[in-house]
Every structure is written in structure tokens, then in C-alpha cells.
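One letter stands for each residue in the lines below.
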Amino acid sequence: DAGITQSPRHKVTETGTPVTLRCHQTENHRYMYWYRQDPGHGLRLIHYSYGVKDTDKGEVSDGYSVSRSKTEDFLLTLESATSSQTSVYFCAISESASTYEQYFGPGTRLTVT
Amino acid sequence: AQSVTQLDSQVPVFEEAPVELRCNYSSSVSVYLFWYVQYPNQGLQLLLKYLSGSTLVESINGFEAEFNKSQTSFHLRKPSVHISDTAEYFCAVSALQGAQKLVFGQGTRLTINP
């Protein structure tokens, strides 16, 4: 299994509070991704990173920001959480743009009340 | 932009029966195609992928998928399923150029009954 951990694994927070989710990898892969999984929608890309300090938006980036100050860590921040951001969040990594295989972390279940 | 449609949200089958999970995609550019599997309470794992070459691709656990460009489909099949195949299956596409931004279908929950 690829060395990907996500923290926390579960979190309950209140509307309006900031939340940061962390993805940590030990594979030294260049690309990192954040997805959210919702019933009936599959997984949707939030943001991705193609190197340290290099990030770009995905399909559903509104209300989210990311940072990558080290190769191994990719942080997802909800500046002011809303109930619509209740979801399961998955981090994924890939070695390069040409390998075309992403490895997924175990996920973080976030509930916004 | 790309989109993926998985035609069945749930597929119940009996053990040892054949199964087909359907996937259609839409894209204005050439794409690579993938099937991922998610076992209960786990992350996703790559099951198989089509990048180029033979349009029929196989996984190590007996699944196969065929890329049909004219029908823009990438259906997943297995001739005889096992209880352990119970999972959710996601079809995904990625444009050939640039970062690997996967676009996923809605998922198909495969339930195997004894």
C-alpha cells in the first residue's frame, strides 16, 4: 500500500468554524489531490498540487483553499465550514503525469452541524 | 471537459453469476479510462486502466473492461463473481494532456448474494 495518511479520520464541527484536513505521504510523489465523495456524485476534484507551492483548482473549489509547503504534506482548509461541505474527503497521490495511477488515502469523514 | 455516466447505481447478483457494470463517457478530447474499486470503509484502489493498445484490459482478480471508442463506453465485466467482490465501483476518465485530473462517474454498488 502507498504510504498515505489523512488526519483527522473523523471530525464534527460547527457551521462557520475553520477546518484543516491534512494529507501526508511517504512516497515522495510529485502530484497530490483532494477529492470529496458524496452519494450520487462519485468523487469530485477540489484542488490539486503539481509540486511544492504549485496548486490549482479542480471542479468544486469554491469554499476551499490548499497549501503545500513540503513535498509530503498537502493541507485542505475550509475557511468557514458550511453544512454543504459535510462529506468524505480523500487525498490521492501520483508519481508523475505519465504514470496515470493515483493512490488514495483512507479518507476523512467531516460532518458540519 | 469530460463527463462520465454509470448507468446503474446498484447491481445485485448471485455468487458465481456473471456481471457487467456499465460506463459511458463524453469528452471533446482523447481520454484515458479507469475503473477504481472501493471496499467498505476504505479508499479507492485502481482496478484496471486503458491507456492505449489493446482495447480489452484485464485485472489480476478476473475483471476485464473493453474500450469502445465508437460507443464511448468502457464497461466492466466479470464472468463469475465472488462474495469478496462486494464493493462500489467507479469509472473515471482523464484527458491525455496535463495533470491527471480524474473525472469520476457516480459509482455502482455491486452486491453479491450467496
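Model, not experiment: these values are computed from the prediction. (Residues numbered from 1 in each chain as written. Chains lettered and ligands numbered in written order. Predicted model: local features only at pLDDT ≥ 70, side-chain atom pairs only at ≥ 80, totals over all residues. Heavy atoms only, no water.)

Asks: Tell me about the overall build of chain B, residues and numbers included.
Replies: Along chain B, the regular secondary structure elements total 0 helices and 12 strands. Here the C-alpha coordinates of chain B stretch approximately 45 × 30 × 25 Å along the principal axes. Put simply, chain B has 114 residues, and 46% of those count as buried. Summarising the internal contacts of chain B: among those between residues at least 6 apart in sequence, 57% fall at separations of at least 24. Within the structure as shown, chain B displays about 5,500 Å² of accessible surface, and the carbon and sulfur contribution to it stands at 49%. (Helix = DSSP H or I, 4+ residues; strand = E, 2+ residues; numbered from the N terminus. Buried < 20%, exposed > 50% of the residue type's maximum accessible area, 1.4 Å probe, protein only. Contact = heavy atoms within 4.5 Å. Areas by Shrake-Rupley, 256 points an atom, 1.4 Å probe, with all protein chains shown as cover.)

Asks: Quick rundown of the layout of surface pockets? Include the residues and the values.
Replies: One number sums up the size of the largest pocket: a volume of about 670 Å³. What lines the largest pocket is a set of 32 residues, among which Gln37(A), Val88(A), Arg109(A), Gln38(B) and Arg109(B) lie closest to the centre. Going through the elements one at a time, β4 (31-38), β9 (87-94) and β11 (108-112) of chain A together with β10 (87-95) and β12 (108-113) of chain B are the ones with two or more residues in the lining of the largest pocket. When residues of the lining of the largest pocket are assigned to their parent elements, the largest contribution, 4 residues, is made by β11(A). Of the residues that constitute the lining of the largest pocket, the class distribution is 10 nonpolar, 17 polar and 5 charged. (1 Å grid on protein atoms, 1.4 Å probe; cavity = no way out; pocket = protein on both sides within 12 Å on 5 of 7 lines; lining within 4 Å. Points joined across faces, edges and corners; volume = space filled by probe spheres on them. Nonpolar A, V, L, I, M, F, W, Y, C, P; charged D, E, K, R; others polar.)

Asks: How would you summarise the packing of aromatic side chains if you had to cite specific residues and measurements?
Replies: Within the structure shown, the criterion is met by 16 aromatic pairs over all chains. An aromatic cluster is built from Tyr31(A), Tyr33(A), Tyr35(A), Tyr48(A), Tyr50(A), Phe104(A), Phe34(B), Tyr36(B), Phe90(B) and Phe104(B), whose rings are joined through pairwise contacts. (Phe/Tyr/Trp six-rings, centres within 6.5 Å; stacked < 30°, edge-to-face > 60°.)

Asks: Kindly report on the environment of Arg36(A), identifying the contributing residues and their values.
Replies: All names here are of chain A. Position of arginine 36 among the secondary structure elements: in strand β4. Separated by 49 residues in the primary sequence, arginine 36 and glutamine 85 have C-alpha atoms spaced 8.8 Å apart. In terms of polar contacts, arginine 36 uses its side chain to reach the side chain of aspartate 38, at 2.8 Å. Looking at arginine 36, its side chain comes within polar contact range of the side chain of tyrosine 64, at 2.8 Å. (Polar contact = N/O pair within 3.5 Å; in protein donor to acceptor, adjacent residues only side chain to side chain.)

Asks: Describe the interface of chain B and chain A, naming the residues involved and giving the relevant values.
Replies: With 24 residues of chain B in contact, the opposing surface of chain A contributes 21 residues. Across the chain B to chain A interface the summed buried area is about 1,700 Å²; carbon plus sulfur atoms make up 55%. Taken as a group, Leu44(B), Gln100(B) and Phe104(B) account for 33% of the area that chain B buries against chain A, more than any other trio of residues on that side. Connecting chain B to chain A are 0 salt bridges. Listing elements by their share of the side of chain B that touches chain A, those giving two or more residues are β5 (31-38), β6 (44-50) and β10 of chain B. Broken down by class, the residue content of the side of chain B that touches chain A amounts to 12 nonpolar, 9 polar and 3 charged. (Buried area = accessible area lost by both parts, 1.4 Å probe. Salt bridge = Lys/Arg side-chain N within 4 Å of Asp/Glu carboxyl O.)

Asks: An account of the sheet that holds strand β3 (residues 19-25) of chain A is needed here, citing residue identities and associated values.
Replies: Residues and elements named next belong to chain A. The strand order across the open sheet built from 4 strands is β1-β3-β8-β7, with neighbouring strands paired in antiparallel fashion. Every interior strand has two partners, whereas the edge strands, β1 (4-7) and β7 (64-70), have only one. Neighbour-to-neighbour, the strand axes of the sheet open up by a mean angle of 20 degrees, direction not taken into account. Where β3 and strand β8 (residues 73-78) come together, 6 bridges link them in antiparallel fashion. In the strand pairing of β8, threonine 20 is matched with threonine 77. (Pairing = 2+ DSSP bridges. Axes fitted to C-alpha atoms, helices over the stretch in contact; angles between N-to-C directions.)

Asks: Before we move on, can you summarise the environment of Arg22(A) with the specific residues and values?
Replies: Residue and element names in this part refer to chain A. Among the structural elements, arginine 22 can be located in strand β3. The class for arginine 22 is partly exposed, based on a relative accessible area of 34%. The sequence separation of arginine 22 and threonine 55 amounts to 33 residues, and the corresponding C-alpha distance is 15 Å. In this structure, arginine 22 is in contact with Thr5, Gln6, Ser7, Trp34, Asp73, Phe74 and Leu75, ignoring residues within four places of it in sequence. A distance of 3.3 Å separates a polar atom in the side chain of arginine 22 from a polar atom in the side chain of histidine 24.

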